[in-house]
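# Working through the structure, step by step
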Amino acid sequence: MSSIFTLSILQSALELGCIYALVALALFISFSILNIADLSTDGCFTLGCAVGAMVTIAGHPFLALFAAMGAGICSGFVTAFLQTRMGVPSILAGIIVNTGLYTVNIAVMGFSSNVNLFACDTIFSLAKNKISSAWYDNWYKVLIVFAIVLLIGIILAWFLNTRLGLSIRATGDNEYMVRASSINPLFMITVGLCVANSLTALSGAILGQYQKSCDINLGTGMVTIALASLIIGETLIGKGSVLRKVIGVILGSCLYRFIVAVALRMNVPAEALKLVSAIIVAVAIAFPYLKQQALFYKQKNAFLLINKKGGGSAC
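Computed from a predicted model, the values in this text were never measured in an experiment.

Running from N to C, helix H2 (residues 41-57) and helix H9 (residues 185-211) cross one another at 50 degrees; their axes reach a closest spacing of 7 Å. When the axes of H2 and H9 are compared, the pair comes out oblique. For H2 against H9, the interelement crossing comes out right-handed. Here Thr-41, Cys-44, Phe-45, Gly-48, Cys-49, Gly-52 and Thr-56 of H2 lie close against H9, whose contacting residues are Asn-197, Thr-200, Ala-201, Ser-203, Gly-204, Ala-205, Leu-207, Gly-208 and Gln-209. Here the residues of the contact of H2 with H9 sort into six nonpolar, 10 polar and no charged.

Here is the structure:
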């Protein structure tokens with residue numbers, strides 16, 4: 001058991017968990033708040049990685065993060081435009097954008113399916129060169145990604161409590177009520193999807209610099225990973241303030257990566273990783289329902305037992 005739960009597994013889970021937490025936060029905006037199934041996440045994640053990689057190769061690793069976010073905003077705008085102005089259902093709009101982004105992504109990468117960043121400076125290598133200590137050399141990547149996610153989480157929680165953020169939340173709750181309150185729900189959907197996709201692209205750019213490579217198929221299954229993290233986080237934290245939900249999403253992402261890391265440590269084939277992800281998502285989604293059903297049957301059995309005892313005493 002001690003060989004399964006090691007410090008390196010915890011470190012890797014925290015690093016990847018914080019990176020993928022940005023995608024989970026994006027899904028938190030689109031899926032949980034706006035009630036929109038945005039299936040362009042896979043392509044947008046690769047778009048952020050591709051744009052970030054090319055800007056990093058040009059010698060601007062920090063600018064690469066903002067460039068990726070800008071590309072994500074464009075992707076979110078196109079998805080929102082198809083939904084709000086062209087009458088395309090949200091699921092189909094996401095599929096259309098995701099399909100189109102494959103060509104865009106490979107064009108950004110110079111029509112190459114893979115780009116490596118091994119000869120380039122990244123935010124991680126630059127930060128490592130700035131501070132040097134034995135402890136920092138082992139955990140500097142965790143500190144960097146945690147600082148980025150913490151900053152994004154605080155900004156997102158603040159944004160969703162502003163007037164614009166409250167309008168976006170209200171649009172997801174009841175679009176017709178928002179329209180009756182002289183708020184344009186189409187604009188709110190557009191802003192929400194742009195913000196969500198910017199976080200997805202930022203996650204892709206950070207992952208590209210983290211692993212020093214970008215692959216055209218990098219974003220495949222990203223919706224599944226983000227959905228699993230989101231559901232796990234909501235199950236752990238439950239209802240509460242926006243900040244509490246944001247923290248729950250981040251914790252859910254780290255816990256998901258820890259489960260995957262343990263599964264790989266237990267010699268689960270890498271080819272079966274998608275199946276493991278699907279099972280985790282299914283269990284995470286079904287857990288609240290199963291918990292509610294278990295409570296219902298427990299109360300039902302207790303009620304029947306009380307009635308049975310009461311009937312026996314009456315006789």
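With that out of the way, let us pick up a nonpolar patch on the surface. Nonpolar side chains collect at one region of the surface, where Leu-236, Leu-243, Ile-247, Leu-251, Leu-255 and Ile-259 lie side by side and expose about 500 Å² of accessible area between them. With five residues, helix H11 (residues 242-265) is the single largest residue contributor to the nonpolar patch. On the basis of relative accessibility, which here comes to 44%, the residue Leu-243 falls in the partly exposed class.

Looking at where Val-268 falls in the secondary structure, it is placed in the loop between H11 and helix H12 (273-314). Between the C-alpha atom of Val-268 and that of Asn-301, which follows or precedes it by 33 residues, the distance is 40 Å. If we skip the residues at most four places from it in the chain, Val-268 touches Ala-263 and Val-276.

Attention shifts here to the nonpolar core. Within the largest apolar cluster, 76 residues are counted, with the highest numbers of intra-cluster contacts made by Leu-25, Phe-28, Phe-124, Ile-206 and Leu-207. Ranked by the residues each element gives to this core, the list is headed by helix H1 (residues 7-33), at 14 residues. The contacts of Leu-25, once residues within four sequence positions are left out, are Ile-152, Leu-156, Leu-199, Val-246 and Val-249.

As a general rule, the predicted coordinates of low-pLDDT regions are not to be interpreted in detail. Scored by pLDDT, the protein chain comes out at a mean of 86, with 94% of its residues at no less than 70. For the protein chain, the element scoring lowest by mean pLDDT is H12, at 77; helix H3 (residues 61-84) scores highest, at 95.

On to the pattern of salt bridges. Taken as a whole and judged by the stated rule, the model has one salt bridge. For Arg-179, the salt bridge goes to Glu-175, with nearest N and O atoms at 3.0 Å. Of this pair, Arg-179 and Glu-175 are both found in helix H8 (residues 175-180), four residues apart, which corresponds to roughly one turn of the helix. For Glu-175, a relative accessible area of 28% gives the class partly exposed.

As a further point, take the packing of H3 against H9. The contact between H3 and H9 brings their axes to 6 Å, and the two run at 145 degrees. In this structure, H3 crosses over H9, and the sense of that crossing is right-handed. In terms of residue class, the contact of H3 with H9 is built from 16 nonpolar, 10 polar and no charged.

Next up on the list: unusual backbone geometry. One non-glycine residue, Ser-182, adopts positive backbone phi at about 65 degrees. By the element assignment, Ser-182 lies in the loop between H8 and H9. With relative accessibility at 72%, the residue Ser-182 sits in the exposed group. For Lys-212, which is not a glycine, the phi torsion comes out positive at approximately 55 degrees.

What counts, and where the lines are drawn
Residues numbered from 1 in each chain as written. Predicted model: local features only at pLDDT ≥ 70, side-chain atom pairs only at ≥ 80, totals over all residues. Heavy atoms only, no water. Axes fitted to C-alpha atoms, helices over the stretch in contact; angles between N-to-C directions. Helix = DSSP H or I, 4+ residues; strand = E, 2+ residues; numbered from the N terminus. Parallel < 35°, antiparallel > 145°, perpendicular 65-115°, else oblique. Left-handed = near helix turned anticlockwise from the far one by under 90°. Contact = heavy atoms within 4.5 Å. Nonpolar A, V, L, I, M, F, W, Y, C, P; charged D, E, K, R; others polar. Patch = residues over 30% accessible without salt bridge, like charges linked within 9 Å, V, L, I, M, F, W, Y side chains within 5 Å. Areas by Shrake-Rupley, 256 points an atom, 1.4 Å probe, with all protein chains shown as cover. Salt bridge = Lys/Arg side-chain N within 4 Å of Asp/Glu carboxyl O. Buried < 20%, exposed > 50% of the residue type's maximum accessible area, 1.4 Å probe, protein only. Core = buried A, V, L, I, M, F, W, Y, C linked by side-chain atoms within 4.5 Å. pLDDT = per-residue confidence, 0-100.

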